[in-house]
Amino acid sequence: MAEKIILLGCGGHAKSVADAVETSGDYEIAGFVDNIRNDEFEYRGYKIIGCDSQLQEIYNSGIHYACICVGFLGKGSVRNKLYTCLKEIGFYLPPIIDPSAILAADVKVGEGAFIGKRAVVNSNAAIGKMAIINTAAVIEHDCVIGDFSHIAVSSVICGEAHIQENSFVGANATIIQGMNVGIGAVIGAGSVVVKNVEENMKFINKILPIYAEKLEGE
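Throughout this document, residue positions are counted from 1 along each chain, in the order its sequence is written. Whole-chain, interface and lining totals are the exception, using all residues; otherwise, since this is a predicted model, local features are given only for residues with pLDDT of at least 70 and side-chain atom pairs are given and counted only at 80 or more. Hydrogens are left out, water is left out, and the side-chain values use all remaining heavy atoms of the structure.

The next thing to look at is the overall build of the protein. The secondary structure content of the protein amounts to four helices and 23 strands. The C-alpha radius of gyration of the protein comes to 18 Å, within 12% of the 17 Å expected for a compact globule of 218 residues. Oriented by its inertia axes, the alpha-carbon framework of the protein measures out at about 65 × 40 × 30 Å. Among the 218 residues that make up the protein, the fraction classed as buried is 45%. By definition in these notes, contact holds between two residues if any of their heavy atoms fall within 4.5 Å. Long-range pairs, those at least 24 residues apart, make up 27% of the contacts in the protein between residues at least 6 apart in sequence. Approximately 10700 Å² of the protein is accessible, and the part contributed by carbon and sulfur atoms is 52%. His residues and chain termini do not enter the charge count, which takes Lys and Arg as positive and Asp and Glu as negative. The atom standing in for a charge is NZ when the residue is Lys, CZ when it is Arg, CG when it is Asp and CD when it is Glu. Taken as two groups, the 17 positive and 25 negative side-chain charges of the protein have centres that lie 3 Å from each other. Elements are defined by DSSP. Helices are runs of H or I of four residues or more, strands are runs of E of two residues or more, and each kind is numbered from the N terminus. All radius of gyration figures rest on C-alpha atoms, and the globule criterion is 2.2 Å times the number of residues raised to 0.38. Residue burial is assigned from relative accessible area. The probe radius is 1.4 Å, only protein chains are included, and a residue is buried under 20% of its type maximum, exposed over 50%, and partly exposed in between. The Shrake-Rupley method, run with a 1.4 Å probe, gives the accessible areas here. Residue values count only the displayed protein chains as cover.

As structure tokens, this is what we get:
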């Protein structure tokens, strides 16, 4: 019989995680935990069963597995705080990998990481704890994705790139081979990163608007 697991958060990312958990069949979802209590909330029959202050009570009831489902921009620090709380109580945070994702045999996946639908993680890549590799993202060979980072949908991280912890790479962004994205950096959607990005820097690439202006002038 599969172990029961709770999902922290009940937004869109939590629904994606719930679907991956259901599809894999590795765990049985006990319900959602969210600080904004809404007794009417329900997704696929799963309801909110408590809030953060009740985590110890939930653990004592016999549910010892948890997944943090806070996924949107700039929430790495929130996931970090929740992770620390869960670990202090004693919860296990297994990686959740959608069955449609493709991972090379030697990929390392950290505690509590999420790898979504049709994501590809290639040889000798390392995914840090609590990292999110979202739908159809590509992590190429020898990449390192830091703890609590978020690689958004359809992003491409080329070989040997290093995304430091708590960073966010927006949808459809491309990180060129060997580049380093510093701690806490934010890469805008659609950006093409061809040089290293310093920590806590917001990088928004302007190449596409420039090309659009040139085309209009022809």
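Back to the write-up after that little detour.
Moving on to the sheet that holds strand β19 (residues 174-175). Working definition: the strands of a sheet are paired by backbone hydrogen bonds and lie parallel or antiparallel to each other. By the convention used here, strands pair only if DSSP detects at least 2 bridges between them. Pairing is parallel in the open sheet, where six strands are placed in the order β7-β10-β13-β16-β19-β22. Both outer strands of the open sheet, β7 (102-103) and β22 (192-193), are each paired with one neighbouring strand and no more. Note: β19 against β22, two bridges, orientation parallel. Its bridge partner being in β22, I175 is matched across the sheet by V193.

The definition of a nonpolar core used throughout is a set of buried Ala, Val, Leu, Ile, Met, Phe, Trp, Tyr and Cys residues joined through side-chain atoms within 4.5 Å. Ranked by internal contacts, the top residues of the largest apolar core, which has 29 residues, are I133, I139, I145, I151, I157, I175 and I187. Apart from the residues within four sequence positions on either side, I187 is in contact with F168, V169, G170, A173, I175, V181, V193, V197 and F203. With 20 residues, the next largest nonpolar core counts A18, A20, C69 and F114 among its residues.

Let us look at the environment of D34. With respect to the element layout, D34 can be found in the loop between β2 (27-33) and β3 (42-43). On the basis of relative accessible area, D34 is assigned to the buried category, the value being 14%. Dropping the residues within four chain positions of it, D34 is found in contact with G9, C10, I48, G50 and C51. Pairs of N or O atoms are called polar contacts if they sit within 3.5 Å, as long as, within protein, a hydrogen donor faces a hydrogen acceptor (for residues adjacent in sequence, only side-chain-to-side-chain pairs). Engagement of the side chain of D34 in a polar contact is seen with the backbone nitrogen of C10, the distance being 3.4 Å.

This part takes up the pattern of salt bridges. Salt-bridge detection follows one rule: a side-chain nitrogen of Lys or Arg within 4 Å of a carboxyl oxygen of Asp or Glu. Within the structure shown, the criterion is met by six salt bridges. Two residues, R44 and D19, come together in a salt bridge whose shortest N-O distance is 2.8 Å. Taken together, the positions of R44 in the loop between β3 and β4 (46-50) and D19 in helix α1 (residues 12-24) put the pair 25 residues apart, joining distant regions of the chain. You can call R44 partly exposed: its relative accessible area is 41%. Given a relative accessible area of 16%, D19 falls into the buried group. One network of salt bridges, in which partners are shared, links D19, E22, R44, D98 and K117.

Moving on, we get to α1. Multiplying 1.5 Å by the residue count of a helix minus one yields the expected span of that helix. Its 13 residues give α1 an end-to-end C-alpha distance of 19 Å, which sits within 8% of 18 Å, the value for a rise of 1.5 Å per residue. Every buried residue of α1 is listed here: H13, A14, V17, A18, D19, A20 and V21. Positive phi appears at G25, one or two residues downstream of α1, with a value of about 75°.

On to the packing of aromatic side chains, then. Any two rings among Phe, Tyr and Trp, with Trp reduced to its six-membered ring, count as a pair given centres within 6.5 Å; such a pair is stacked if its planes are under 30 degrees apart, edge-to-face if over 60, and tilted if neither. One pass over the full model with this rule turns up five aromatic pairs. Ring centres of Y65 and Y92 lie 5.3 Å apart, and the angle between their planes is 35°; on these two criteria the pair is classed as tilted. One end of the pair, Y65, is in strand β5 (residues 65-68); the other, Y92, is in the loop between α3 (76-89) and β6 (96-97), and 27 residues separate them in sequence. Using a relative accessible area of 49% as the deciding quantity, one classes Y92 as partly exposed.

The next subject is the confidence of the model for the protein. The predictor reports its confidence for every residue as pLDDT, a score running from 0 up to 100. Model confidence for the protein is summarised by a mean pLDDT of 91, while 90% of its residues fall at 70 or above. Ignoring residues within four places in sequence, the model shows residues 208-218, a span with pLDDT below 50, making one contact including any to other chains.

Looking at the secondary structure, you find H150 in strand β15 (residues 150-151). One polar contact links H150 to N134, side chain to side chain, over a distance of 3.2 Å.

Taken in spatial order, the seven strands make up an open sheet running β6-β9-β12-β15-β18-β21-β23, and their pairing is parallel. Lying at the two open borders of the sheet, with one neighbouring strand each, are β6 and β23 (202-203). Strand direction decides the pairing type here: β15 and strand β18 (residues 168-169), joined by two bridges, are parallel. Among the inter-strand pairings, H150 is bridged to a residue of β18, identified as F168.

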